[in-house]
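Chain by chain, the residues run as shown.
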Protein chains: 2
Amino acid sequence: MQLSEHLQELRTRIELRLCEDTQLTVDCPDRLRESVRYSLLAAGKRVRPCLALMACEACGGDPTVALPVASALEMVHTYSLIHDDLPAMDDDDLRRGQPTNHIKFGESTAILAGDGLLTLAFEVIARDVKPAEVAVACIVDLASAAGVEGMVAGQQADLQAETEQSTLAELEAIHRRKTGRLLTCALTMGGRIAQTDLNTLNNLKIYGESVGLAFQIADDLLDVTGETMKMGKGVQKDDDHGKSTYPSLIGIDESRRRARILIDQACAAIAPLGERGNYLKALATYIIERDH
Amino acid sequence: MQLSEHLQELRTRIELRLCEDTQLTVDCPDRLRESVRYSLLAAGKRVRPCLALMACEACGGDPTVALPVASALEMVHTYSLIHDDLPAMDDDDLRRGQPTNHIKFGESTAILAGDGLLTLAFEVIARDVKPAEVAVACIVDLASAAGVEGMVAGQQADLQAETEQSTLAELEAIHRRKTGRLLTCALTMGGRIAQTDLNTLNNLKIYGESVGLAFQIADDLLDVTGETMKMGKGVQKDDDHGKSTYPSLIGIDESRRRARILIDQACAAIAPLGERGNYLKALATYIIERDH
């Protein structure tokens, strides 16, 4: 099966799961439920959930068993988008052409919807991942990736960096926390669900870190060239001028070269998985179109 | 030992634990760490953590084993205060006489500090509560109490109710979610740590629900009489006029009567614990001063 067909299959299952996980009881006010579902169920590539299912599969597990962590990953990703879009943060009115959550539902509901999604992510894993030892390991992965030493730290550093030019090292430190860690924990959680060994978990980690950074470079390149990346979060807003990016720091060609090296590293790391790792390899390559 | 002495002992351990849990690595930007610690380590009664430790003790467990859940409870409570104080929410500049987090650190850092504390709460439980089955049960308790069918739902309903008078049933439905559920899960998590039976967990739940509501009534009464409550979140801001409270809906005397009945219910629920439940009983009574 082609990668794109396989991704489509996985996405169908993910969409269904996200929908189920946010039915919610009458204890959830209608407006809050609507706000949560507006952002969570909006069209998206579901990159992190797909990576979790594919990592589980690559380790010999049934990918559908990883659906709770896939759902949790998308909830955490979505909460971060809702909060990042707030007026006090990046102040965005549109996301993928649709009004952002706070534009549609108001700031207070948007803050609460984000808080609720973050909380629900941990509930879903704790409730539905078996055995408990695996659930707990996944929660440690996800919380440390998303928290004050991970994604939240990256957003803080990013906001602080907006007023000044960063070095390449600073830029990479921001991306590693802001997007890299959550992507990486999609891989390790998928591996944990398949109850794979520590060595393989470490290989998945290397794959995740490399792909995460390549993903960010491709994203930066897309802003400049408008052509390089086919996956991801769509065309960036244009008011990022003044912020450091890979192309602005090292140029377009060197950025492309770096992205290619990272993808090669990612594929090498999961080589021990053999044929089972083929979808992950294809996905890594898909992130950057080498011919451009 | 007197209740007050015992509370002081427990609080000392809780403060130490909160401090340790927020040391954080260099990956956490200084400003974010400072913001997290500013609110978490601010003076407070630590009601929820104390209830968790005392519930564990009342079930025959070593209270110090419940410190991870105690810490997590205070983190969740603190995150909710930081977010509730934001301009888009209750818009408070002061909390217990100190500048609120967003006044001190700015809105974006305050939002992120809240997000970070919520995330860290689940990490601490997943990492430090053993065995894994108990950790997972505690995380389900905490997440469902704090999330879109619990505390977050209560805050949403409360914000929606600000513009209109509520009935008593609506008021109680808000309080049950906004404060009651987190208080109740302090009790059940403490019980779970002591690996108590389902029947006792249910009794602790009844105690928590009753005390939670009594706590709120006492809080409302304090706004009116300025004298009734000795524990809790301190004197309320005065701009709550127009919002329904127990005294405004049923009068001061009937409010007091209800609080007394609830405390009696709470004490009756934990009667089967015998002498081990004495601190919990004393704490319930302490919430409302019956002589006033």
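Given the structure is predicted, the values throughout are model-derived calculations rather than measurements.

Let us now look at the overall build of chain A. For chain A, the count of helices and strands is 13 helices and two strands. Relative to its length of 292 residues, chain A is compact, with a C-alpha radius of gyration of 18 Å against a globular reference of 19 Å. Looking at chain A as a whole, 60% of its 292 residues qualify as buried. Here the contacts in chain A between residues at least 6 apart in sequence split such that 74% fall between residues at least 24 apart. By element, 49% of the accessible surface of chain A is carried by carbon and sulfur atoms, the whole surface being about 11,300 Å². If you average the places of the 31 positive and of the 44 negative side-chain charges in chain A, the two averages end up 3 Å apart.

Listed by partner, the interface residues are 47 residues for chain A and 47 residues for chain B. For the pair chain A and chain B, the summed buried surface comes to about 4,100 Å²; carbon and sulfur atoms form 69% of the total. One can count two salt bridges joining chain A with chain B. Among the salt bridges present, the one from B:Asp27 reaches A:Arg176, with a minimum N-O distance of 3.1 Å. At the boundary of chain A with chain B, the tally comes to 10 residue pairs in polar contact (both at pLDDT 80 or more). The set of elements that each furnish at least two residues to the side of chain A that touches chain B consists of α2 (30-40), α4 (67-84), α6 (107-128), α7 (132-146), α8 (151-161) and α9 (168-193) of chain A. Its residues placed into classes, the side of chain A that touches chain B shows 26 nonpolar, 11 polar and 10 charged.

Residue and element names in this part refer to chain B. With the rule as written, the count across this model stands at three aromatic pairs over all chains. With 5.4 Å between their ring centres and 70° between their planes, Tyr-38 and Phe-105 make a pair best called edge-to-face. Linking Tyr-38 in helix α2 (residues 30-40) with Phe-105 in helix α5 (residues 101-105), this pair joins segments that are 67 residues apart in sequence.

On to the environment of A:Leu159, then. Residue and element names in this part refer to chain A. In this structure, Leu-159 sits in helix α8. A relative accessible area of 17% places Leu-159 in the buried class. As a C-alpha pair, Leu-159 and Asp-84 span 75 residues in sequence and 9.9 Å in three-dimensional space.

Moving on to the nonpolar core. Soluble globular proteins tend to bury their nonpolar side chains together. One finds A:Ile125, A:Leu142, A:Tyr207, B:Ile125, B:Leu142 and B:Tyr207 to be the most contacted residues of the largest nonpolar core, which totals 180 residues. Beyond its immediate stretch of four places on either side in the chain, A:Leu142 contacts A:Ala72, A:Leu73, A:Val76, A:Ala121, A:Phe122, A:Ile125, A:Leu182, A:Cys185 and A:Met189.

Right, let's talk about unusual backbone geometry for a bit. Residue and element names in this part refer to chain A. Put simply, Lys-130 and Pro-131 share a cis peptide bond, and its omega is -10°. Of note, the phi angle at Arg-46 is positive, near 55°, even though the residue is not glycine. A positive phi angle, near 50°, is found at Arg-96, a position not held by glycine. Structurally, Arg-96 can be placed in the loop between β1 (94-95) and β2 (98-99).

Residues and elements named next belong to chain B. In the contact formed by α2 and helix α6 (residues 107-128), the axes pass within 9 Å of each other and the chain directions differ by 70°. Judged by the inter-axis angle, α2 sits roughly perpendicular to α6. In this structure, α2 uses Arg-31, Leu-32, Ser-35, Val-36 and Leu-40 to contact α6, whose residues at the interface are Thr-109, Leu-112, Ala-113 and Leu-117. Grouping the constituent residues of the contact of α2 with α6 by class yields six nonpolar, two polar and one charged.

Let us look at the pattern of salt bridges. All names here are of chain A. Evaluation of the coordinates by the stated rule reveals 30 salt bridges over all chains. For Glu-209, the salt bridge goes to Lys-205, with nearest N and O atoms at 3.5 Å. With a gap of four residues between them, Glu-209 and Lys-205 both fall in helix α10 (residues 198-225), about one helical turn apart. The class for Glu-209 is partly exposed, based on a relative accessible area of 40%. Judged by its relative accessible area of 38%, Lys-205 is partly exposed.

Residue and element names in this part refer to chain A. Along the polypeptide, Arg-192 turns up in helix α9. Separated by 17 residues in the primary sequence, Arg-192 and Glu-209 place their C-alpha atoms 17 Å from one another. For Arg-192, the contacting residues outside a window of four places in its chain are Val-134, Ala-137, Cys-138, Asp-141 and Leu-201. Polar contacts involving the side chain of Arg-192 include one to the side chain of Asp-141, which spans 2.9 Å.

Burial runs high along helix α8 (residues 151-161) of chain B: 10 of the 11 residues are buried. Those residues of α8(B) lying buried are B:Met151, B:Val152, B:Ala153, B:Gly154, B:Gln155, B:Gln156, B:Ala157, B:Asp158, B:Leu159 and B:Ala161. On the buried face of α8(B), the contacting elements are α2 and α6 of chain A together with α4 (67-85), α7 (132-146) and α9 (168-193) of chain B.

Attention now moves to the relation of the copies chain A and chain B. The two copies are related by a screw operation: chain A maps onto chain B through 180° of rotation and 0.0 Å of translation along the axis, at an RMSD of 0.0 Å. Seen this way, the second copy is the image of the first under a two-fold rotation axis. Measuring from the rotation axis to each C-alpha of chain A, the shortest distance belongs to A:Ala132, at 2.7 Å. Interface overlap between copies: 100% of the residues of chain A at the interface are likewise at the interface in chain B, consistent with a symmetric, same-surface contact.

Turning to the state of the cysteines, a few remarks are in order. All names here are of chain B. Applying the stated criterion to the full structure yields zero disulfides over all chains. For Cys-50, which is in no disulfide, the shortest distance to another cysteine sulfur is to Cys-56 and amounts to 13 Å. Residue classification places Cys-50 among the buried residues on the basis of a relative accessible area of 2%. Note on Cys-59: no disulfide assigned, nearest cysteine sulfur contributed by Cys-56 at a separation of 7.3 Å.

Below, the discussion takes up the confidence of the model for chain A. Caution applies to low-pLDDT parts of the model: their predicted coordinates are not meant to be read in detail. All names here are of chain A. A residue-level look at chain A finds 93% of positions with pLDDT of 70 or above and a mean pLDDT of 92. Considering only residues more than four positions removed or in separate chains, one finds that residues 228-239, a stretch of pLDDT under 50, has 31 contacts. Prediction confidence for the complex, expressed as pTM and ipTM, is 0.94 and 0.94 respectively.

Thresholds applied
Residues numbered from 1 in each chain as written. Chains lettered and ligands numbered in written order. Predicted model: local features only at pLDDT ≥ 70, side-chain atom pairs only at ≥ 80, totals over all residues. Heavy atoms only, no water. Helix = DSSP H or I, 4+ residues; strand = E, 2+ residues; numbered from the N terminus. Rg over C-alpha atoms; globule rule 2.2 N^0.38 Å. Buried < 20%, exposed > 50% of the residue type's maximum accessible area, 1.4 Å probe, protein only. Contact = heavy atoms within 4.5 Å. Areas by Shrake-Rupley, 256 points an atom, 1.4 Å probe, with all protein chains shown as cover. Lys, Arg positive; Asp, Glu negative; His and termini not counted. Charge placed at Lys NZ, Arg CZ, Asp CG, Glu CD. Buried area = accessible area lost by both parts, 1.4 Å probe. Salt bridge = Lys/Arg side-chain N within 4 Å of Asp/Glu carboxyl O. Polar contact = N/O pair within 3.5 Å; in protein donor to acceptor, adjacent residues only side chain to side chain. Nonpolar A, V, L, I, M, F, W, Y, C, P; charged D, E, K, R; others polar. Phe/Tyr/Trp six-rings, centres within 6.5 Å; stacked < 30°, edge-to-face > 60°. Core = buried A, V, L, I, M, F, W, Y, C linked by side-chain atoms within 4.5 Å. Axes fitted to C-alpha atoms, helices over the stretch in contact; angles between N-to-C directions. Parallel < 35°, antiparallel > 145°, perpendicular 65-115°, else oblique. Least-squares fit on C-alpha atoms with pLDDT ≥ 70 in both. Disulfide = S-S within 2.5 Å. pLDDT = per-residue confidence, 0-100.

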